[in-house]
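A closer look at the structure
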Amino acid sequence: MVKVYELNGITPVVHPTAYVHPTAVLIGDVIIGPRCYVGPLASIRGDFGRLILEEGANLQDGCVMHGFPGADTVVEADGHIGHGAVLHGCRIGRNALVGMNSVVMDNAVIGAESIVAAMSFVKANMDVPPRSMVVGTPARIIRQVSEAEINWKTSGTSQYHELAVRSLATMREVDALEEVEPDRQRMQWESSLPLHLHKNA
């Protein structure tokens, strides 16, 4: 059962087609749209500002969303937020990716189809144009994102769309097996490579 908390009479909203892992925490003014995926141990703390995941967005394990009073923190449609990232009072554009353990600060805007590299720190008020590659601490725009990179990102996000469906249908809490069974099956997915390998494929 997802940990959902009403605060000051405001209750989080989760669309029935979204999957939110039972260890995630949703507090107050939180809106999770259709086909979203929220991973284990995500913290979506709408106790000050409003937090919105639009349709098809994913917020992976250990991510944090928060914002100041009166501010919205928004991940637009098909936004992809990697493991351990922190979003605070910012806007992530449609089909953009924020890499693992990155931080995006207040009033920053990440344009549509942009990629923020893992471990980047996006300063408050930074305005990133669409299709930008953003890297570093502090983050800077180094070039435009290629069509191949956008296709790679879009493909990865579509797997999270499918993961939301699979999780709603088949995920359940069980006791661990004591040993590996013969002919143990693997998870079945279309092949997907990390970006650095995808470029060389």
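Residues numbered from 1 in each chain as written. Predicted model: local features only at pLDDT ≥ 70, side-chain atom pairs only at ≥ 80, totals over all residues. Heavy atoms only, no water.

1. Describing the environment of alanine 77
For alanine 77, the position within the fold is in the loop between β9 (72–75) and β10 (80–81). Between the alpha carbons of alanine 77 and glycine 156 there is a distance of 14 Å; along the sequence they are 79 residues apart. Not counting chain neighbours up to four residues away, the residues in contact with alanine 77 comprise Glu54, Glu55, Arg94 and Asn95. (Helix = DSSP H or I, 4+ residues; strand = E, 2+ residues; numbered from the N terminus. Contact = heavy atoms within 4.5 Å.)

2. Structural notes on the pairing of β9
In terms of strand pairing, strand β6 (residues 43–53) meets β9 through 4 bridges, oriented parallel. In the strand pairing of β9, leucine 51 is matched with threonine 73. The pairing of β9 with strand β12 (residues 91–92) spans 2 bridges and is parallel. Bridged to valine 74 within β12 is arginine 91. (Pairing = 2+ DSSP bridges.)

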